[in-house]
Amino acid sequence: MFSSLKVRNYRLFFMGQVVSNIGTWMQRIAQDWLVLSLTGSSAAVGITTALQFLPMLLFGLYGGVLVDRLRKRPTLLVTQSAMALTALALAVAVLTGHVQVWHVYVAAFAVGLATVVDNPARQSFVSELVGPGQLQNAVSLNSANFQSARLVGPAVAGILITGVGTGYAFLFNGLSFIAPLTGLMLMRARELHVVERAPRGKGQLREGVRYVTGRPELIWPIVLVGFVGTFAFNFPVYLSAFADDVFHAGAGAYSMFNTLMAVGSVAGALLAARRGTARLRLLIAAAMVFGALEMLAATTPALWMFALLMVPLGLFGMTVNVTTNTSIQMSTDPAMRGRVMALYMMVFLGGSPVGAPIVGWITDTYGARVGLAAGGAVAAVAAAVIGLILARVGNLRLSVGWHHGHPRVRFVPREQQDALAPAA
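Conventions we followed
- Residues numbered from 1 in each chain as written.
- Predicted model: local features only at pLDDT ≥ 70, side-chain atom pairs only at ≥ 80, totals over all residues.
- Heavy atoms only, no water.
- Helix = DSSP H or I, 4+ residues; strand = E, 2+ residues; numbered from the N terminus.
- Buried < 20%, exposed > 50% of the residue type's maximum accessible area, 1.4 Å probe, protein only.
- Contact = heavy atoms within 4.5 Å.
- Areas by Shrake-Rupley, 256 points an atom, 1.4 Å probe, with all protein chains shown as cover.
- Patch = residues over 30% accessible without salt bridge, like charges linked within 9 Å, V, L, I, M, F, W, Y side chains within 5 Å.
- Salt bridge = Lys/Arg side-chain N within 4 Å of Asp/Glu carboxyl O.
- Expected span 1.5 Å × (residues − 1).
- Bend = angle between axes of the 7 residues up to and from the residue.
- Phe/Tyr/Trp six-rings, centres within 6.5 Å; stacked < 30°, edge-to-face > 60°.
- Axes fitted to C-alpha atoms, helices over the stretch in contact; angles between N-to-C directions.
- Parallel < 35°, antiparallel > 145°, perpendicular 65-115°, else oblique.
- Left-handed = near helix turned anticlockwise from the far one by under 90°.

Colleague: Lay out the overall build of the protein in plain terms, naming residues and giving numbers.
Modeller: A tally of helices and strands in the protein yields 17 helices and 2 strands. The burial tally for the protein puts 53% of its 424 residues in the buried class. Long-range pairs, those at least 24 residues apart, make up 83% of the contacts in the protein with a sequence separation of at least 6. About 18,000 Å² of surface is accessible on the protein, with carbon and sulfur atoms providing 67% of the total.

Colleague: Any chance you could break down a nonpolar patch on the surface for me, citing the residues and the numbers?
Modeller: Residues L57, L58, F59, Y62, L113, V354 and I358 make up a contiguous nonpolar surface patch of roughly 610 Å² in combined accessible area. Per-element tally for the nonpolar patch: the top contributor is helix α2 (residues 42-69), with 4 residues. Of note, F59 is situated in helix α2.

Colleague: So what about the pattern of salt bridges? Which residues, and what values?
Modeller: Think of it this way: side chains of opposite charge can pair up when their charged atoms draw near. This structure, assessed with the given rule, holds 3 salt bridges. The residue R188 makes a salt bridge to E191 at a minimum N-O spacing of 3.0 Å. By relative accessible area, which is 33% here, R188 ends up partly exposed. Look at E191 and you get partly exposed, because its relative accessible area is 32%.

Colleague: Describe helix α4 (residues 101-130), listing the residues and the values that go with them.
Modeller: Between its terminal C-alpha atoms α4 stretches 42 Å, which fits the 44 Å expected from 30 residues at 1.5 Å a residue. For α4, the principal kink sits at T115 and spans about 40°. Counted residue by residue, α4 has 22 buried out of 30 residues, so it is predominantly covered. Just past α4, the residue G131 takes up positive phi, approximately 85°.

Colleague: Before we move on, could you go through the environment of S331 and cite the residues and values that matter?
Modeller: For S331, the location among the structural elements is in the loop between α13 (303-330) and α14 (337-350). By relative accessible area, which is 30% here, S331 ends up partly exposed. Note: C-alpha distance between S331 and R215 (116 residues apart in sequence) is 9.3 Å. Once residues within four sequence positions are removed from consideration, S331 is found in contact with Y211, E217 and L218.

Colleague: Explain the packing of aromatic side chains to me, and be specific about the residues and the numbers.
Modeller: Taken as a whole, this structure holds 14 aromatic pairs when the rule is applied. With a centroid separation of 5.9 Å and an interplanar angle of 75°, the aromatic rings of F233 and F235 are classed as edge-to-face. Taking the relative accessible area as the measure of exposure, F235 reaches 7% and is therefore buried. Seen in terms of ring centroids, F242 and F306 are 4.3 Å apart; in terms of plane orientation they differ by 15°. Their pairing is stacked. Here F242, found in helix α10 (residues 235-246), pairs with F306, found in helix α13; they are 64 residues apart in sequence, far enough to count as distant. Pair check on accessibility: F242 and F306 agree, each one buried. Among the aromatic residues, those joined into a ring-pair cluster are Y10, F13, F14 and F125.

Colleague: Tell me about helix α1 (residues 8-39), and name the residues and values.
Modeller: The first and last C-alpha atoms of α1 sit 47 Å apart over 32 residues, in line with the 46 Å expected at 1.5 Å per residue. The sharpest bend along α1 measures roughly 25° and falls at V18.

Colleague: Can you break down the packing of helix α12 (residues 280-298) against α13 residue by residue, with the values?
Modeller: The N-to-C vectors of α12 and α13 enclose an angle of 155°; their axes lie 9 Å apart at closest approach. Comparing the axis directions of α12 and α13 gives the class roughly antiparallel. The interaxial crossing formed by α12 with α13 has left-handed handedness. Counted together, L280, L282, L283, A286, A287, V289, F290, L293, E294, L296 and A297 of α12 and F306, L309, P312, L313, F316, G317, T319, V320, T323, T324 and S327 of α13 form the full contact between these two elements.

Interpretation note: all reported values are geometric properties and have no functional meaning in isolation.
Right under this line is the structure:
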């Protein structure tokens with residue numbers, strides 16, 4: 001489960017991200033709550049989320065082209081430093097009492113600009129740290145790292161917000177970037193796995209798009225996470241509305257919802273690290289269950305029932321995330337990985353600028369329960385449709401039968417099902 005941590009460079013990367021990810025989650029909670037307290041509007045929270053991910057939607061593919069051309073470690077030093085300065089600037093505005101909602105909007109957009117390059121660079125840098133043999137394990141541990149920080153970050157953020165205000169959460173996040181920057185500088189360049197960089201040339205963006213669209217094992221998982229990320233993963237909008245409008249429980253409940261979801265997410269990431277494979281049928285099944293759980297959570301009458309459902313929601317949401325990430329990286333040529341991962345992140349994260357204002361408006365107009373149920377329905381239906389498309393592309397048929405006394409539903413090759421069918 002933890003085999004890739006034996007690699008020194010990856011261990012430095014992992015430890016730096018532990019500290020930085022805690023700060024990132026603290027800022028996420030503080031940012032959402034600050035906007036809600038300044039405006040009283042779920043739609044404003046949605047706008048903040050949209051602004052943070054809008055640059056990925058607009059410039060994500062260009063970021064991938066840059067990442068394929070540039071050396072990953074110096075690139076990450078620049079992007080991580082930029083995000084640190086943004087957090088510190090927002091901390092100063094809050095702590096001096098001069099913060100306005102447009103300051104938060106600008107900071108969210110600035111972080112989004114840095115993410116355009118930082119995200120595909122971090123995703124593709126993992127293969128240089130550990131090599132292809134440990135890639136599945138390292139990707140899963142990265143997700144476990146991020147979600148483990150989600151256990152600590154929201155809890156600490158909740159204490160800081162209720163105790164001394166949101167400003168110190170932004171300050172901690174800005175200082176937390178010291179850890180990954182130090183880790184990057186301490187790495188041994190000679191121990192990195194060399195990946196040939198793409199030369200500067202015309203048509204590289206179109207080349208990346210053609211590469212993805214010509215491979216069903218790449219394009220359809222990306223389409224699926226596009227629907228899930230756009231409509232079902234807008235938890236800043238959903239959870240803040242449930243905490244404030246449905247259960248009237250305040251920032252503490254919002255922090256608790258995020259923490260419990262992180263428990264399930266860590267479990268999902270660690271299970272992925274143990275599996276060692278990333279099957280598309282697992283992706284489809286997990287996305288369908290994830291959508292169904294969101295619809296179930298939307299109907300829960302009590303706060304404790306809603307909170308408990310955050311654990312399986314986190315587990316299946318992380319299974320969707322890790323399975324997609326790993327299957328795409330393993331199916332991609334290293335020279336194209338930056339562009340492919342940029343397209344994946346552009347669709348997954350860049351869908352939020354489209355989805356967040358929509359689900360924010362639905363939540364404000366029809367209530368949090370309707371908004372969450374609608375997001376879950378979109379995820380479940382998209383998974384079912386894309387599962388059927390992949391089955392058709394792969395020449396598969398649905399097989400329903402019994403296995404060791406239990407019903408089993410699966411897709412099998414048409415030839416295999418025809419061979420098993422009784423003769424007329």
